[in-house]
Amino acid sequence: MQLSQNEDHNFSLSKFESMLKTNDVLFFDSNEFEGIIFHYLETGKFALAKKAVKLGLEQHPDASVLKLFKVEILIFENKLTEADLLLNELHELEPSNDEIYIQKANIFSKQDNHEMAINTLETALEFTADEAEIYSLMAMEYMFLEDYENAKLNFMRCLELENDDYAALYNIIYCFDFLEQRREAIDYLNLFLDKHPYSEVAWHQVGKQYFDLKEYDKALAAFDFAIISDDYFVGAYMEKGKVLEKMGRLKEAIENYHITLELDDPTAFAYLRIGKCYEKLKKSKLALDFYSKAVDEDPLLDKAWIAITDFYSRKLNYPKALYYINKAISIDSENVLYWKRFAKINNRLNYVEEAEKGYQKAIELGNYELETWITRCDLLINLGEFETALDTMYQAIEFYPETAEIEYRLAGLYFCLNQGDRGYYHLKNALKIDAEYSIIIEELFPEIFKRNSVKTLIDKHA
């Protein structure tokens, strides 16, 4: 029977697409149009769905399901007033049609009126045969309102009605996580597991909660139960590997990561974790082999490039570290983590101009750590670019006001630029904040430090 229905559906699609090519007008019953439109919407062929709705309503002008498809398309096109008018017409004819209320709620949601969307969905509950769908939609509206307690409650209602709705389960855990209710999440999952003891997804989520709580023995047990429930569950092996890593059981962790490679297509993340384990086991060659596999599998996985770069940095092989971070930057030049390492490695190699360029790029990409500003300033001082260094410190002070490290540098820079009044002003500020940091003047501006007036001022605060 199912095969016959599929054949009929495929025939309708072929017949419809053939009609579009030849410009012939063929007749379809309203059910055929429903199937055609649904197929195109599901496969993202919006223009064809719109065309099918138009032709369907020309042949069946009173078909309410086709009109509801038209409403859906109007909402997608953001023609909300037109959609609302058509829904009002349909409501006059079919006041107990739950889909009318669902689409009304959709319009309210699009207008950011999520409270009215929820009220409308509550009305839909009175008429629907699919309460789970309504509860799920209501939960999403509560999510838009950032009311995670009510969102969680409605996803729970949805899961009670459809216990295999894993999207609802994941959303429940998301709400628990957002509310930082890890213990409550575990309690809820255990209640769910009392009724569904072989739910691998629930065991997996219990394990993740225990992992975040750093209760690794319990996390390991939960992931083992997930694997017992489904021994092809790749995610459980991956998470089990991460727990074993944390517990220092590195060889067992490697075994679990390898299982994920056997069960599914290889992932860069698995290769990376295996590489990390081998590095901790002091097996450098194997570590590098797997880091290389990780970047080959996914050149956009920044953690893999960083792992190789940091590996060579720890070995003090800075030229090799620089080689790999340059390769990473050539693939993704907007990654702030790459530029920070580029800057630090160049600094280690005493390539001052390149290091300064790296810190400048990191700041441009949003890295506003005090260390980044300070190090860039020191490099600019080393290069004799006092004006640019001054600008850098004034940018930094917007984020870190009343900071001794900045004030001492401002003082030294103004003295270098022969603006003594400003120099003394910032030096006094710096000494008030933290006199012990006065060593900054001695290290960065030794000639300024030798001045009697500067020494006297510093000594007063010693």
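Residues numbered from 1 in each chain as written. Predicted model: local features only at pLDDT ≥ 70, side-chain atom pairs only at ≥ 80, totals over all residues. Heavy atoms only, no water.

1. Notes on the packing of helix 14 (residues 234-246) against helix 16 (residues 268-280)
Relative orientation of the contacting elements helix 14 and helix 16 amounts to 20°, with a least axis distance of 11 Å. Here helix 14 is positioned roughly parallel relative to helix 16, judged by the angle of their axes. Of the two possible hands of crossing, helix 14 and helix 16 adopt the one that is left-handed. When helix 14 is examined against helix 16, the residues Met238, Lys242 and Glu245 are found in contact with a partner set consisting of Phe269, Ala270, Arg273, Lys276, Cys277 and Lys280. (Axes fitted to C-alpha atoms, helices over the stretch in contact; angles between N-to-C directions. Helix = DSSP H or I, 4+ residues; strand = E, 2+ residues; numbered from the N terminus. Parallel < 35°, antiparallel > 145°, perpendicular 65-115°, else oblique. Left-handed = near helix turned anticlockwise from the far one by under 90°. Contact = heavy atoms within 4.5 Å.)

2. Section: a negative patch on the surface
On the surface, Asp130, Glu131, Glu133, Glu162 and Asp164 cluster together into a patch of negative charge. By the element assignment, Glu162 lies in the loop between helix 9 (148-161) and helix 10 (166-178). On the basis of relative accessible area, Glu162 is assigned to the partly exposed category, the value being 33%. (Patch = residues over 30% accessible without salt bridge, like charges linked within 9 Å, V, L, I, M, F, W, Y side chains within 5 Å. Areas by Shrake-Rupley, 256 points an atom, 1.4 Å probe, with all protein chains shown as cover. Salt bridge = Lys/Arg side-chain N within 4 Å of Asp/Glu carboxyl O. Lys, Arg positive; Asp, Glu negative; His and termini not counted. Charge placed at Lys NZ, Arg CZ, Asp CG, Glu CD. Buried < 20%, exposed > 50% of the residue type's maximum accessible area, 1.4 Å probe, protein only.)

3. Points about the packing of aromatic side chains
Under the defined criterion, the tally for this structure stands at 17 aromatic pairs. An aromatic cluster of at least three residues, connected via ring pairs, comprises Phe311, Tyr312, Tyr323 and Tyr324. Sitting over the face of the ring of Phe211, Lys242 holds its NZ or CZ atom 5.6 Å from the ring centroid. In this arrangement the basic side chain of Lys293 is found over the ring face of Phe290, its NZ or CZ atom lying 4.5 Å from the centre. (Phe/Tyr/Trp six-rings, centres within 6.5 Å; stacked < 30°, edge-to-face > 60°. Lys NZ or Arg CZ within 6 Å of the ring centre and 35° of its normal.)

4. A few points about the layout of surface pockets
The space that makes up the largest pocket amounts to roughly 230 Å³. Contributing to the lining of the largest pocket are Glu99, Ile102, Gln103, Ala105, Asn106, Ser109, Leu121, Glu133, Leu137, Met140, Glu141 and Phe144. Elements represented by at least two residues in the lining of the largest pocket include exactly helix 6 (98-110) and helix 8 (131-144). Sorting elements by how many residues they give to the lining of the largest pocket places helix 6 first, with 6 residues. Of the residues that constitute the lining of the largest pocket, the class distribution is 6 nonpolar, 3 polar and 3 charged. Taken as a whole, the second largest pocket spans an internal volume of roughly 190 Å³. Every residue along the wall of the second largest pocket is listed here: Met156, Leu159, Glu160, Asn163, Tyr188, Leu191, Phe192, Lys195 and His196. The set of elements that each furnish at least two residues to the lining of the second largest pocket consists of helix 9 and helix 11 (182-195). (1 Å grid on protein atoms, 1.4 Å probe; cavity = no way out; pocket = protein on both sides within 12 Å on 5 of 7 lines; lining within 4 Å. Points joined across faces, edges and corners; volume = space filled by probe spheres on them. Nonpolar A, V, L, I, M, F, W, Y, C, P; charged D, E, K, R; others polar.)

Purely spatial values, then, with no claim about function.
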